[in-house]
Every structure is written in structure tokens, then in C-alpha cells.
Amino acid sequence: MKPLTEQEIRAAFVNCTKGEAKRLAVPRDLADRPWEDLDYLGWRDPQAPDRAYLAVELDGRPKALALRSSTSGSWQARRSMCTMCLTTHSGGVSLMVAPKAGRAGQQGNSVGAYICSDLACSLYVRGKRDVGVGARLPETITLEEKIGRTVANLAAFVAKVTG
């Protein structure tokens, strides 16, 4: 992924108002992020743990989504699989809900997906972050194909939010 600036990230939000995008917390360590290993930039709001954000470059343009994560519950002790990167976690996957873009979002419509709670799918796919034995099921496809699948899953989720 190409490194993004704070201004590019704020301008890329498709499912919140410009005012909301201006006020949300953007990571301060953008220069230190491992951009070459990222398929998308994901982060949580340190002041509001139920809020998360992701920015992805699709068709040469950045798109960003505001997300809400589910509250903690007893179900999180179960092993769950991220629908983006297909990594399984015990308590490390959250239902992330994004308001739809435009009029549909203003009417309260939303789209959800189970995503790694730490939004580090790119690092799990590349083996840069480990969640232990059995977290990644054995596959015969190449790393490039795994990355392509993750990007396709992200693009499909963004399309559901913007469509």
C-alpha cells in the first residue's frame, strides 16, 4: 500500500460527514507504519474503543470507512475467523459494522463483517504477526494469492458500504 497522509485519510472517508472525518482520531505514527506490508491501514480510536477505522487504496484512490465494533461478550472466548484474511482467533475477531454511504446510511442502514479486532489482517497473512497454533489453516495457494484474496474481500466490503 502507498503511504497515506492524515489529509488524504480524512478526505477518503465515504460513510461519515466531513465534520466527523475532521474530528476522528487518525494515528500519529503514520510515518512509522509498515506500509509495504499493509493491504489497508486499520486502527482503533484510543478514546472510544468501540470505534475503528480502515483506509484502503482501491482503483488507485484511497477510501476510508468508519466502523463500530461489537461490545465484549462471552462469545468472544470462542474461536472465530476473520472474513477478510481468514485468520482464526480466540477472542480476536469482532463484528465491525459500517454505516452505509449516502442516503442509505442516513436512514440507518449498515453493513457488517467479522474482522480481526486489531485490524492487522495484512500482517497475519504475511506471517509478520502470529496468533498461535491453528490460527492459519494450511493452504496450497501462494502468498500473493492470499494477499489478493484479502484485498478482494476488502474491496467487496467497501463495495457493500458504498453501494
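Data block above holds the structure.
Residues numbered from 1 in each chain as written. Predicted model: local features only at pLDDT ≥ 70, side-chain atom pairs only at ≥ 80, totals over all residues. Heavy atoms only, no water.

Asks: Hey, could you run me through the nonpolar core in this one?
Replies: Side chains of a nonpolar character, in soluble globular proteins, are inclined to be buried together. Counting 28 residues, the largest nonpolar core has Tyr40, Leu67, Cys82, Met84, Ile115, Cys121 and Phe157 as the members making the most contacts within it. Contributions of two or more residues to this core are made by β2 (48-58), β3 (61-69), β6 (93-99), β7 (110-116), α4 (121-125) and α5 (143-162). Excluding residues that lie within four positions of it along the chain, Cys82 makes contacts with Thr87, Val93, Tyr114, Ile115, Cys116 and Cys121. Counting 17 residues, the second largest nonpolar core, distinct from the first, contains Leu4, Ile9, Leu30 and Trp43. (Core = buried A, V, L, I, M, F, W, Y, C linked by side-chain atoms within 4.5 Å. Buried < 20%, exposed > 50% of the residue type's maximum accessible area, 1.4 Å probe, protein only. Helix = DSSP H or I, 4+ residues; strand = E, 2+ residues; numbered from the N terminus. Contact = heavy atoms within 4.5 Å.)

Asks: Quick question: what am I supposed to make of the pattern of salt bridges here?
Replies: Here the idea is simple: oppositely charged side chains can pair when their charged atoms come close. Inspection of the entire model under this criterion finds nine salt bridges. Its salt-bridge partner being Arg28, residue Glu6 comes within 3.4 Å of it at the nearest N-O pair. One end of the pair, Glu6, is in helix α1 (residues 6-12); the other, Arg28, is in the loop between α2 (18-23) and β1 (40-45), with 22 residues separating them in the sequence. On the basis of relative accessible area, Arg28 is assigned to the exposed category, the value being 71%. Across the salt bridge formed by Asp39 and Arg126, the nearest N and O atoms sit 2.8 Å from each other. Pair noted here: Asp39 is in the loop between α2 and β1 and Arg126 is in the loop between α4 and α5, with a separation of 87 residues, a long-range link. On the accessibility criterion, Arg126 (18% relative accessible area) is buried. (Salt bridge = Lys/Arg side-chain N within 4 Å of Asp/Glu carboxyl O.)

Asks: Help me understand unusual backbone geometry, please; the structure alone is not making it clear to me.
Replies: Comment: phi is negative for the bulk of residues other than glycine, and the bulk of peptide bonds are trans. Of note, the phi angle at Asp59 is positive, near 55°, even though the residue is not glycine. Checked against the element boundaries, Asp59 lands in the loop between β2 and β3. A relative accessible area of 83% means that Asp59 is categorised as exposed. In this structure, Leu119 takes a positive phi of about 55° despite not being glycine. Relative to the helices and strands, Leu119 is located in the loop between β7 and α4. In this structure Leu119 comes out as buried when scored by relative accessible area, which is 5%.

Asks: Sorry, what's going on with the packing of aromatic side chains here?
Replies: For any pair of aromatic rings, the description consists of the separation of the ring centres together with the inter-plane angle of the planes. Applying the stated criterion to the full structure yields two aromatic pairs. Taking the centre distance of 5.9 Å and the plane angle of 90° together, the rings of Phe13 and Tyr53 count as edge-to-face. Of the two residues, Phe13 sits in the loop between α1 and α2 while Tyr53 sits in strand β2, which places them 40 residues apart along the sequence. By the burial criterion, Phe13 is buried, and Tyr53 matches it. Ring geometry for Trp43 versus Tyr53: centroids 5.4 Å apart, planes at 35°, classification tilted. A residue pair is termed long-range when its members are at least 10 positions apart, and Trp43 in strand β1 and Tyr53 in strand β2 qualify at ten residues. (Phe/Tyr/Trp six-rings, centres within 6.5 Å; stacked < 30°, edge-to-face > 60°.)

Asks: Is there a simple way to explain the sheet that holds β1 in this structure?
Replies: Within a sheet, adjacent strands bond to each other through the backbone by hydrogen bonds, running parallel or antiparallel. Pairing is antiparallel across the open sheet formed by five strands, whose spatial order is β1-β2-β3-β6-β7. Only two strands of the sheet have a single partner each, and these edge strands are β1 and β7. Across the sheet, the axes of successive neighbouring strands diverge by a mean angle of 30°, strand direction being ignored. Pairing of β1 with β2, which is carried by six bridges, proceeds in the antiparallel orientation. Along β2, the bridge assignment pairs Leu41 with Ala55. Where α5 meets the sheet, its contacts fall on β1, β2, β3, β6 and β7, and the angle it forms with β7 comes to roughly 155°. (Pairing = 2+ DSSP bridges. Axes fitted to C-alpha atoms, helices over the stretch in contact; angles between N-to-C directions.)

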